[in-house]
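Each chain, written out:
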Amino acid sequence: MSRALASPSLAVQRGILGAVLLVACWEGAARGLHLPAYVLPAVSDILAGLWSKRVTLIDAAGYTLLEALVGYGLGCLIGIGLAVAIALVPALRSAILPFATAINSVPVVGYSPLILLWFGIGVSSKIVMVAMAVSFTILLSMLAGLDRVDRRAVDLMKSFGASRFGVLWRLRLPTALPLLLSGMRVSTVRSVIVAIVTEMLGAQGGLGWVIYQAVLQIDFVQVWAAIFVASAASLAFFGLIGFLERKILFWT
């Protein structure tokens, strides 16, 4: 028990130490080499810029997180729904998987002009883009989990009269849960990235819009400040899903 408790604490300590060393090296290199802001601004300058624009950055972060969270939720529902449909009706696999693979063979950003044209530059277009990016990852993770079930266990349940839905609910879904939650955790970072990149191409707010405007104004400290906030939001989202994963899969 003591080792189990000590291990996460040690990992946190190492993470904090690594972050402190990285910041110290960054600050020392920027100051010692007199690097211009467009190459690498000092961390202290970035933090000062972040504080001076904190209201703008907090509002932008809320805008981006709204797009990422709603799109993430929608993408999870689509991916899980398609995977369950394939599990219940195996004939759908040959129709759904090639179509989904063809759509995702093109980077999501490639669809941005069409999505922005169809849904406008508001929140809706970003939600659609995030949902497209997340749904394919969730679909593959869910399918991999559903397919890893022991066929002998399926045959045993059917021999006792279990229906296809009964096998799915009592056996296949619990078996798929670890891979599904892993895919959901990975998709958190992707959802924030897609939201920010899409905002750079056309938006009314958000961290991507702030970054784009800062580049136009040649304010590279502000660019880095927005990147810091985006990283913090992404890490918080990732940590939240990871926490829920540990609580749900308490037996692992």
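For the protein chain, the name recorded in an unreviewed UniProt entry is ABC transporter permease, with Bradyrhizobium betae as its organism. Of the comments in the UniProt record for the protein chain, the one headed Sequence similarities (unreviewed entry) reads "Belongs to the binding-protein-dependent transport system permease family." Quoted straight from UniProt, the Subcellular location (unreviewed entry) entry for the protein chain says "Cell membrane".

Right, let's get into the overall build of the protein chain. Looking only at helices and strands, the protein chain features ten helices and zero strands. If you list the helices and strands of the protein chain from N to C, you get α-α-α-α-α-α-α-α-α-α. Burial status across the protein chain gives 37% buried among its 252 residues. In the protein chain, the share of contacts with a sequence separation of at least 24, taken over all contacts with a separation of at least 6, comes to 73%. Approximately 14200 Å² of the protein chain is accessible, and the part contributed by carbon and sulfur atoms is 72%. The averaged location of the 10 negative side-chain charges in the protein chain is 12 Å from the averaged location of its 18 positive side-chain charges.

Moving on, we come to the UniProt feature "domain: ABC transmembrane type-1" (unreviewed entry) in the protein chain. UniProt's feature table lists "domain: ABC transmembrane type-1" (unreviewed entry) at residues 61-245, given in the numbering used throughout. With 84% helix and 0% strand, residues 61-245 has its two end C-alpha atoms placed 24 Å apart.

Geometrically, a pair of aromatic rings is defined through the distance of the ring centres and the angle of the planes. Inspection of every chain in the model, using the stated rule, returns three aromatic pairs. A ring pair is formed by W26 and F228, whose centres lie 5.8 Å apart and whose planes are at 75 degrees; its orientation type is edge-to-face. Of this pair, W26 sits in helix 1 (residues 2-32) while F228 sits in helix 10 (residues 220-248), and the two are 202 residues apart along the sequence. Owing to a relative accessible area of 16%, W26 belongs among the buried residues under this scheme. Residue F228 is classed as partly exposed on the basis of its relative accessible area, which comes to 23%. Between the aromatic rings of Y72 and F237, the centroid separation amounts to 5.0 Å while the plane-to-plane angle is 70 degrees, which identifies the pairing as edge-to-face. Separated by 165 residues along the polypeptide, Y72 in helix 3 (residues 54-88) and F237 in helix 10 bring together distant segments of the chain. For the pair Y72 and F237, a shared accessibility class is recorded, and that class is buried. Feature note: the residues W26, W224 and F228 constitute an aromatic cluster, connected by ring pairs. Between R54 and the ring centre of W51, over which it is positioned, the NZ or CZ distance is 4.0 Å.

Backbone geometry places I218, a non-glycine residue, at a positive phi of 55 degrees. In this structure, I218 sits in the loop between helix 9 (207-216) and helix 10. A residue is classified by how much of its surface remains accessible, and I218, at 61% relative accessible area, is exposed.

A word on the nonpolar core. Of all hydrophobic cores here, the largest spans 50 residues; its most connected members are L57, Y72, L139, L146, M184 and L207. When residues of this core are assigned to their parent elements, the largest contribution, ten residues, is made by helix 6 (residues 123-147). In contact with L207, other than residues within four places in its own chain, are L57, A60, A61, T64, I196, E199, A226, V229 and A230. Formed by five residues, the second largest nonpolar core is a distinct cluster that contains V149, M157, V167 and L171.

With that settled, the discussion passes to the UniProt feature "transmembrane region" (unreviewed entry) in the protein chain. The positions UniProt marks with the feature "transmembrane region" (unreviewed entry) are residues 68-89, 96-121, 127-146, 192-212 and 224-244. Between the end C-alpha atoms of residues 68-89 there is a gap of 31 Å, over a span that is 95% helix and 0% strand.

Moving on to the environment of S191. Along the polypeptide, S191 turns up in helix 8 (residues 164-201). What S191 contacts, discounting residues up to four positions off in sequence, is A68, Y72, V130, V134 and F237.

Another aspect to go through is the packing of helix 3 against helix 6. Put simply, helix 3 and helix 6 touch, their axes get as near as 6 Å, and they point 35 degrees apart. In this structure, helix 3 meets helix 6 at a crossing whose hand is right-handed. Residue classes in the contact of helix 3 with helix 6 are distributed as 23 nonpolar, four polar and two charged.

Where helix 2 (residues 43-52) is concerned, the buried positions are V43, I46 and G49. Viewed end-on, helix 2 has its buried residues packed into an arc of 125 degrees, placing them on one side of the element. Opposite the packed face of helix 2, turned more than 90 degrees from it, sit the exposed residues W51 and S52.

How each quantity is defined
Per-chain numbering applies: the sequence of each chain, read as written, is numbered from 1 onward. A pLDDT threshold of at least 70 governs which residues receive local features in this predicted model, and a stricter bar of 80 or more applies before side-chain atom pairs are shown or counted, although totals over entire chains, interfaces and linings include all residues. The side-chain values count all of the structure's non-hydrogen atoms but skip hydrogen atoms and water molecules. UniProt positions are given in the numbering used here, feature names are shortened, and annotations may be inferred rather than shown by experiment. Helical segments are the DSSP runs of H or I of at least four residues, strand segments are the runs of E of at least two, and each set is numbered from the N terminus. Categorising residues by exposure relies on relative accessible area from a 1.4 Å probe, with only protein chains included: less than 20% of the type maximum marks a residue as buried, more than 50% marks it as exposed, and the intermediate range marks it as partly exposed. Residue contacts follow a heavy-atom distance rule, with two residues in contact if any of their heavy atoms lie within 4.5 Å. Note on areas: Shrake-Rupley, 1.4 Å probe, and residue coverage restricted to the protein chains presented here. Counted charges follow a simple rule, with Lys and Arg positive, Asp and Glu negative, and His plus the chain ends left uncounted. Charged side chains are reduced to one point each, which is NZ for Lys, CZ for Arg, CG for Asp and CD for Glu. Any Phe, Tyr or Trp ring, taking Trp's six-membered ring, that has another such ring centre within 6.5 Å forms a pair; planes under 30 degrees apart are called stacked, those over 60 apart edge-to-face, and the others tilted. Note on geometry: a ring has a charge over it if NZ (lysine) or CZ (arginine) is within 6 Å of the ring centre and within 35 degrees of the ring normal. To define a nonpolar core, start from buried Ala, Val, Leu, Ile, Met, Phe, Trp, Tyr and Cys residues and group those joined through side-chain atoms within 4.5 Å. In this description, a line fitted to the C-alpha atoms serves as the axis of each element, helices being fitted only across the stretch in contact, and the angle between N-to-C directions of two axes falls anywhere from 0 to 180 degrees. Handedness of a crossing is defined here by the sense of rotation of the near helix relative to the far one, left-handed for an anticlockwise turn of less than a right angle and right-handed for a clockwise turn. Throughout this entry, Asp, Glu, Lys and Arg are counted as charged residues, while Ala, Val, Leu, Ile, Met, Phe, Trp, Tyr, Cys and Pro are counted as nonpolar. The remaining residues, Gly among them, count as polar. It is the directions from the helix axis to the C-beta atoms whose arc is reported.

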